Each structure stands twice: as structure tokens, then as C-alpha cells.
Amino acid sequence: MIVCYAQGGGLGHLTRIRAFLHTTRRRERVTILTGSPFAADARVVGGHEVLSAPAGMDRDGLSRWIGAALADLAPRELLVDAFPAGLSGELHSGVAPAGTRMVHLARLLRWDAYRRLLPAAPPRFDQTWTVEPLTRAHHAYLGSVSSALAPLELAEPPADAVPPSPGGWLIVHTGPAAEVLDLVEYARESAAAENARPRFTLVSPQRPAGLPAEVAHLDVYPAWPLFPESERIITAAGCNAVRQLAPWRSRHRMVPFPRRFDDQFARAARHRRLR
């Protein structure tokens, strides 16, 4: 049994966990502890069991719930995604049963903001994998709490039925709606500046109110199989989007958005240097 912990509410945690399980060829039963609403989508969780904490818990209550869930599940391995002590510092050194192999999957964080949440006795990891470059302070901290620390290039699991690519320009974002519309406007303004008239397609779970009539909408997951046939792909500067679009970096345009802990602006700046 492997338990994967991803308390953040976005889609990125679940996408990254699926990629990790595929890349490392984990074949055991998997339970995902998450509060993400995207866990209700069978395309996203790939048949894995999902457990969600009751709503409204404070940090201490969430910590107790996690401890009880792990005691009941008795996993061989606990995978902690993105936040080494959880989204609010709810993970600590004694949260998992003794003998549980602790693994952390690390991405870029606004470390000065996040480190204030670390508990007095934070989790220690048998293995930490980094899926993108981290800040020096973040990397040093993980080195201090990990027996092994190394980069890992993730590969996506095979996609099930995906419609043919519409070609043209893709705008890919899960939301919120205001950000989706910002990306659509950016794409339209970019096309006008280039005197181009591409076909626009939004790939998003929901069609936002106010989407211009000339922009088609697809609810497709995963979106990456559509990338090779697209002329341009516009996204936010999330970890998974940048990682998945690396083979088509020259076609990728991104708009970073502010996040509590994710540093999309630093990621976008690094992308511009590499392009």
C-alpha cells in the first residue's frame, strides 16, 4: 500500500502524483489523501482510492485525522507532494506509523513564505525527488531532512481516449475563471499583435461565462496529447504545464499568476531564459 498526500486544492498535485507513480513503476494499491475537488474526476485519479478530510478542520485537527488515516491504512510508503510539511504545517515527524518509508516530491516554492509553517519536529524523508530547480534555501532545507536528494524527470502515464487535436492556438488552464479569461485575452491580443488569425481553443474543465464566441471549448484531460499538433500553447506558469511543454518550448507562452506558495513568476523567468 502506498499513500499519497496532496492537500492542495488544485489539479497539479494529482497530475504530478500520477506521473510519479507511472515514472517509478509503482504497482501497489494506492490511496490518495487530498482535498482537491478534481479528485472526483475518474480521469484524474486513474482508479486510485481517494480519502478526504472533513471540511473545516484546523491544522491540529487535520494532523490528527491524517495520523488516524495512516494508522488504519498502514502504508509501506507515504509520498508527500510539493509541501514537505503539508499545506499548513500539519505534517510532523510522528504523523506516519513507524517503519513507513517517507518520500517527498518537491517543486519550486516561495520558500521564505512557506518555511514559517514548518513545525518544530518536521517530517524526515528517506528520499526526496526534485522535479524542477529549487531555490538554494529550499534545496538546502530538503537536504537537511532527507537521507537522499536527487532530481527526477517525470513521464506522463498513457492517455486514454483523447479527441483529435484542434490545431491552432490552445489556451490551457483549470481556473479560476478570471485567470482563464485573462489567458484568453492574452492569446487574442498576441494574435492581433502578430497579425495572425488562428483558431482558438480553450481546454478547461468548465466553459467560463464571458468566453468570446470565436473561442471553442474542450473539457479534455490530460491536455498534453493535444500539444504536438498545436501552433501555440498558452498556459499559466504552473509546474506541470512547464514540465509537460518542455519539448515544445518554442511554441509555449505563459502568464504567471500570484500564488500563496508557488512561485510562478520565478518559473516563468527561468523559462524565458531557456527559450
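All values reported here derive from a predicted model rather than from experimental measurement.

Student: Account for the overall build of the protein chain, with residues named and values stated.
Tutor: Helix and strand counts for the protein chain come out as eight helices and twelve strands. Rg of the C-alpha trace for the protein chain: 19 Å, near the compact-globule value of 19 Å for 275 residues, within the 12% margin. Taken across its 275 residues, the protein chain has 52% of its residues classed as buried. Looking at the protein chain alone, contacts between residues at least 24 apart form 66% of all its contacts between residues at least 6 apart. Each charge sign in the protein chain was given a centre, from 33 positive and 26 negative side chains, and these centres are 5 Å apart.

Student: Could you give me a rundown of the pairing of strand 6 (residues 127-130), with the residues and numbers involved?
Tutor: As paired strands, strand 5 (residues 101-106) and strand 6 are joined by four bridges and run parallel to one another. In the strand pairing of strand 6, Val103 is matched with Gln127. After leaving strand 6, the chain enters helix 5 (residues 136-145) and then returns to the sheet as strand 7 (residues 149-151), a path that is right-handed.

Student: Now, about the nonpolar core: what can you tell me, with residues and values included?
Tutor: In terms of nonpolar packing, the biggest core is built from 32 residues, with Leu33, Ile66, Leu70, Leu78 and Tyr114 touching the most fellow members. Broken down by secondary-structure element, the contributors of at least two residues to this core are strand 1 (2-6), helix 3 (59-73), strand 4 (77-81), strand 5, helix 4 (111-114) and helix 5. The biggest single contributor to this core is helix 3, with six residues. In this view, Leu78 contacts Val3, Tyr5, Leu70, Ala96, Thr100, Arg101, Met102 and Val103; residues no more than four positions away in its chain are not counted. Counting residues in each nonpolar core, the second largest holds 23 residues, with Cys4, Ala39, Leu79 and Leu154 among its members.

Student: Describe in detail the pairing of strand 1, supporting the description with residues and values.
Tutor: Strand 1 sits mainly inside the fold: five of its five residues count as buried. Bridging between strand 1 and strand 2 (residues 30-34) involves five bridges; their strand directions are parallel. Residue pairing in the sheet places Val3 in a bridge with Thr31 of strand 2. Following the backbone out of strand 1, through helix 1 (residues 12-23) and into the adjacent parallel strand 2, one traces a crossover that is right-handed. Across four bridges, strand 1 lies against strand 4 in parallel orientation. The partner of Cys4 across the bridge, within strand 4, is Leu79.

Student: Before we move on, could you go through the sheet that holds strand 11 (residues 232-236) and cite the residues and values that matter?
Tutor: With parallel pairing, five strands are arranged side by side in an open sheet as 10-9-8-11-12. Two strands in the sheet have a free side with no partner beyond their single neighbour: strand 10 (215-218) and strand 12 (252-255). Adjacent strand axes in the sheet meet at a mean angle of 25°, parallel and antiparallel pairs treated alike. Where strand 8 (residues 169-172) lies against strand 9 (residues 200-203), four bridges are found, and the strand directions are parallel.

Student: Before we move on, could you go through the packing of aromatic side chains and cite the residues and values that matter?
Tutor: Under the counting rule described, the total for this entry stands at seven aromatic pairs. Between Trp111 and Tyr141, the ring centres sit 5.1 Å apart and the planes meet at 35°, which makes this aromatic pair tilted. Within this pair, whereas Trp111 is found in helix 4, its partner Tyr141 is found in helix 5, the two being separated by 30 residues in sequence. Across this residue pair, the class does not change: Trp111 and Tyr141 are buried.

Conventions and cut-offs
Residues numbered from 1 in each chain as written. Predicted model: local features only at pLDDT ≥ 70, side-chain atom pairs only at ≥ 80, totals over all residues. Heavy atoms only, no water. Helix = DSSP H or I, 4+ residues; strand = E, 2+ residues; numbered from the N terminus. Rg over C-alpha atoms; globule rule 2.2 N^0.38 Å. Buried < 20%, exposed > 50% of the residue type's maximum accessible area, 1.4 Å probe, protein only. Contact = heavy atoms within 4.5 Å. Lys, Arg positive; Asp, Glu negative; His and termini not counted. Charge placed at Lys NZ, Arg CZ, Asp CG, Glu CD. Pairing = 2+ DSSP bridges. Right-handed = clockwise from strand over helix to strand, strands pointing away. Core = buried A, V, L, I, M, F, W, Y, C linked by side-chain atoms within 4.5 Å. Axes fitted to C-alpha atoms, helices over the stretch in contact; angles between N-to-C directions. Phe/Tyr/Trp six-rings, centres within 6.5 Å; stacked < 30°, edge-to-face > 60°.

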